[in-house]
Number of protein chains: 2
Amino acid sequence: MDLESITTDVTHRDWQHVEETDDPVRFAMIGIGWWTREQAIPAVQSSSLAETTTLVTSDTTKADSVAQGVDSIKHAITYEEFHRGARSDAYDAVYIVTPNAKHLPFVETAAELNKAVLCEKPMEATIERAEEMVSVCEQSQTTLMIAYRMHTEPAIRRAKELIDAGYIGEPVFVHGNMTQPIMELIPDPDQWRLDWELSGGSAAMDIGIYSINTARYLLGSDPVRVSGMAAAESQPFDDVPDEHISFQLEFENGVFGLCSASQNAHVASHIRVTGTDGQVRVEPAFFPWDDRRLHIDHGEGTIEVEFEQIDQMEEEFEYFAHCLLTGTEPYADGKHGLTDIRIIKTAYESADIGEQQKLET
Amino acid sequence: MDLESITTDVTHRDWQHVEETDDPVRFAMIGIGWWTREQAIPAVQSSSLAETTTLVTSDTTKADSVAQGVDSIKHAITYEEFHRGARSDAYDAVYIVTPNAKHLPFVETAAELNKAVLCEKPMEATIERAEEMVSVCEQSQTTLMIAYRMHTEPAIRRAKELIDAGYIGEPVFVHGNMTQPIMELIPDPDQWRLDWELSGGSAAMDIGIYSINTARYLLGSDPVRVSGMAAAESQPFDDVPDEHISFQLEFENGVFGLCSASQNAHVASHIRVTGTDGQVRVEPAFFPWDDRRLHIDHGEGTIEVEFEQIDQMEEEFEYFAHCLLTGTEPYADGKHGLTDIRIIKTAYESADIGEQQKLET
């Protein structure tokens, strides 16, 4: 691979061969908080292969304002109505963006209704519930994709192409970080991301998962060992183990990973893979509004490739719809998502007992 | 602190108040390998407060060519002659740059001869020998400094000033890395850095120490816990535990550290501190020939400060000579160096048994 192909048309969708359809995938949005309103629905509006037809919410009166200006939205139903199968002829797939611990029942109902599922990360709040989700979808042959934005982010895909082509030689280390001040972004001490029962953990589950999952994606390898160190010192974090957390990982292919995440630090993110012959780094990396840069070092200085901001959620919905329309299994299936839950929960255990832990693969 | 003071006269020596002397500190160089010849002796020649008068070597015939063009060098003596006190009126201090496991006897003799000691890092090959070095110097009131280049490197000092001034808020994470392909740089499988008895370890002892020590310096805090993961897969590394090594650290002040080092990877180095209000990163960071850059992020984009290459060894010798001439205790004394040996050796133990280890402070 030469750099030419990386630095030309950097945002092309290498995964796409169907670009239009008369029969777009019709989505029911389950949960209509700010992420759905400001990110998911506009993204689907911009997409060619998907449309939003249905809102599923605890409060259908809220749905009216959400539906305003989105002609494709025809129905708003309650969670209870969803579970009873109301309006199920109006959508082909669901997008689940409720608190982590509430994902599973919606997946179960979607599976019964024979709908495909795009479920936000982390897929559930415990290993057991994530395993149950995988099992339900396998038994019912339900298509399940976990919504990792990074797998369709061009800067990350270009980095992976370079790594796969051997441009940095054999990977040796991966460093990753994602940090944000959640109490400044969402000034509510009662928010679900700080509630152990609803979230299953905070810094790791909400944002640490980006470094870990993107490392797995870039390396094409999963961790076999993890050491966790975690701290929760400030009052809003007294229900979770991880205001701050660090992960030390050993991957199947021998690479060592060093990842960190904090819910109480400056907004920052990066991922870096150092190899025997070079280094790639995406920085900033993980926030949707970032102007990403891919920094490539191959011996004679560093090349920076700037990426115009694409709509990551549009890429993700388009990819998922493309999978459904072409009968392709999504990359991030349920087992892929389960691996992250195992890594994070095992890191909590490691932090608790002070021992490195082996991971099932 | 405003950025103005950082970006103006970035290479100033904030530690210096004596800039000339009629009575420079006279050095005996112990070990005259390439580092002494190409780095240390030219650095001392450029310095204002030091001069090289004496070479100590296994082979005094080699000394002639080394002394060529350096008028201040008057004597070349063997190691045996050094230990017998030969020419000890010709030097005030020694610089020790032999293999790690051979530092202690030279320090012992220097202490007997009442000479100050600048000893290369890592200070010795085992905890016991490092402790003995500290003890010998304490009992004899010998001034001992461990030769960490980064403490007088302007890019690192400016980063520390920013951190100390609260510019990034409270530090939360520090990431560091140093990697090099040692078998390409020194194509000798029998070199001492790959010999456990002489080195006491490879990636960690030779270069991992940069990330660890610079993290300690920047944070003004020492680790209280370490988890190590190490691998030695290629044949030249079969005598040491660490062709590659990663360190997960918890510091006294609650910061988590994630450091890596490899003797078989692309030349790369960086150190990054992420805080509650900002981030500083020096990249490249640790190789003497680097054009260092300090990347400062405080919320409104990143500022890059370029540093012209200074002679790190000149800074280091000038600082040490300045300490001796002004009766100031060097920052990196024996106990400071011993802490790094403890961290590294405990990381090896952690990697071996698969448990996080507490560290004495």
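Note that the coordinates shown come from a computational prediction; the quantities given were computed from them, not determined experimentally.

Visitor: Explanation requested: the overall build of chain A in the structure shown.
Guide: Looking only at helices and strands, one finds 12 helices and 15 strands in chain A. A compact globule built from 361 residues should have a C-alpha radius of gyration of about 21 Å, and chain A, at 20 Å, falls within 12% of that. Residue burial in chain A is summarised as follows: out of 361 residues, 62% are buried. Sequence separation of at least 24 residues holds for 69% of the intrachain contacts in chain A that already meet a minimum separation of 6. When the accessible surface of chain A is split by element, carbon and sulfur atoms take 42% of a total near 13600 Å².

Visitor: Looking at this structure, I do not really get helix α2 (residues 34-46) of chain A. What am I missing?
Guide: Three- or four-residue spacings in an α-helix give side chains the same orientation, since the helix completes a turn every 3.6 residues. All names here are of chain A. For α2, with 13 residues, the first-to-last C-alpha span of 18 Å sits near the 18 Å given by 1.5 Å per residue. Bending of α2 peaks at approximately 30° at the position of A40, with proline P42 no more than four residues after it. Buried within α2 are the following residues: W35, T36, Q39, A40, I41, A43 and V44. Buried residues belonging to α2 abut β1 (25-30), β2 (50-57), α3 (60-67), β4 (93-96), β5 (116-120) and α11 (312-326).

Visitor: Can you help me understand the relation of the copies chain B and chain A in this one?
Guide: Mapping chain B onto chain A leaves a residual RMSD of 0.0 Å; the transformation is a rotation of 180° accompanied by 0.0 Å of translation along its axis. Those values place the two copies in the arrangement expected of a two-fold rotation axis. By C-alpha distance to the rotation axis, the residue of chain B lying nearest is B:E355, at 2.1 Å. The share of interface residues of chain B whose copies in chain A are also at the interface is 100%, consistent with both copies meeting through the same surface.

Visitor: Honestly, the packing of α2(A) against α11(A) in this entry has me stumped. Any pointers?
Guide: In helix packing, the relevant descriptors are the interaxial angle and the interaxial distance, both defined with respect to the helix axes. Residues and elements named next belong to chain A. With their axes 8 Å apart at the nearest point, α2 and α11 run at an angle of 60° to one another. Relative to α11, the element α2 lies oblique. Where α2 crosses over α11, the two elements pack in a sense that is right-handed. Facing α2, whose interface residues are W35, Q39, A40, A43, V44 and S46, α11 presents M313, E314 and F317. Grouping the amino acids of the contact of α2 with α11 by side-chain chemistry returns six nonpolar, two polar and one charged.

Visitor: Sorry if this is basic, but what is going on with the packing of helix α5 (residues 103-112) of chain A against helix α6 (residues 127-140) of chain A here?
Guide: All names here are of chain A. Contact geometry of α5 with α6 gives a least axis separation of 10 Å together with a crossing angle of 5°. Here α6 runs roughly parallel to α5, going by the angle between their axes. Counting all contacts with α5, which are made through H103, L104, P105, V107, E108 and A111, the residues of α6 involved are R129, E132, M133, V136, C137 and S140. Residues that form the contact of α5 with α6 fall into these classes: seven nonpolar, two polar and three charged.

Visitor: Looking at this structure, I do not really get the domain arrangement of chain A. What am I missing?
Guide: By convention, interface size is frequently given as the accessible area that disappears when the constituent parts associate. Residue and element names in this part refer to chain A. By domain assignment, chain A separates into domain 1 (7-149) and domain 2 (150-310 + 334-358). Placing a centre on the C-alpha atoms of domain 1 and another on those of domain 2 gives a separation of 25 Å. Residue-level contacts link 28 residues of domain 1 with 35 residues of domain 2. Where domain 1 abuts domain 2, roughly 2700 Å² becomes buried across the two surfaces, and 62% of that area is made up of carbon and sulfur atoms. Remark: the boundary between domain 1 and domain 2 carries four salt bridges. Across the pair R157 and D14 runs a salt bridge whose closest N-O atoms are separated by 2.8 Å. On inspection of domain 1 and its partner domain 2, the count reaches 18 residue pairs in polar contact (both at pLDDT 80 or more). Elements that contribute at least two residues to the side of domain 1 that touches domain 2 include exactly α2, α6 and β6 (144-147). The leading source of residues in the side of domain 1 that touches domain 2 is α6, at five residues. A per-class count over the side of domain 1 that touches domain 2 returns 14 nonpolar, seven polar and seven charged.

Visitor: Looking at this model, I keep getting lost on the sheet that holds strand β2 (residues 50-57) of chain B. Mind explaining?
Guide: Whenever strands of a sheet pair, they do so through backbone hydrogen bonds, lying parallel or antiparallel. Residue and element names in this part refer to chain B. Ordered in space as β3-β2-β1-β4-β5-β6, the six strands form an open sheet in which the pairing is parallel. Lying at the two open borders of the sheet, with one neighbouring strand each, are β3 (75-78) and β6 (144-147). On average, adjacent strands in this sheet sit at an angle of 25° to one another, irrespective of strand direction. Pairing analysis gives four bridges linking β2 to β3, with the strands arranged parallel. Its bridge partner being in β3, L55 is matched across the sheet by A76. Docked against the sheet, helix α3 (residues 60-67) engages β2 and β3, running at close to 155° with respect to β2.

What counts, and where the lines are drawn
Residues numbered from 1 in each chain as written. Chains lettered and ligands numbered in written order. Predicted model: local features only at pLDDT ≥ 70, side-chain atom pairs only at ≥ 80, totals over all residues. Heavy atoms only, no water. Helix = DSSP H or I, 4+ residues; strand = E, 2+ residues; numbered from the N terminus. Rg over C-alpha atoms; globule rule 2.2 N^0.38 Å. Buried < 20%, exposed > 50% of the residue type's maximum accessible area, 1.4 Å probe, protein only. Contact = heavy atoms within 4.5 Å. Areas by Shrake-Rupley, 256 points an atom, 1.4 Å probe, with all protein chains shown as cover. Expected span 1.5 Å × (residues − 1). Bend = angle between axes of the 7 residues up to and from the residue. Least-squares fit on C-alpha atoms with pLDDT ≥ 70 in both. Axes fitted to C-alpha atoms, helices over the stretch in contact; angles between N-to-C directions. Parallel < 35°, antiparallel > 145°, perpendicular 65-115°, else oblique. Left-handed = near helix turned anticlockwise from the far one by under 90°. Nonpolar A, V, L, I, M, F, W, Y, C, P; charged D, E, K, R; others polar. Domains from an automatic or database assignment. Buried area = accessible area lost by both parts, 1.4 Å probe. Salt bridge = Lys/Arg side-chain N within 4 Å of Asp/Glu carboxyl O. Polar contact = N/O pair within 3.5 Å; in protein donor to acceptor, adjacent residues only side chain to side chain. Pairing = 2+ DSSP bridges.

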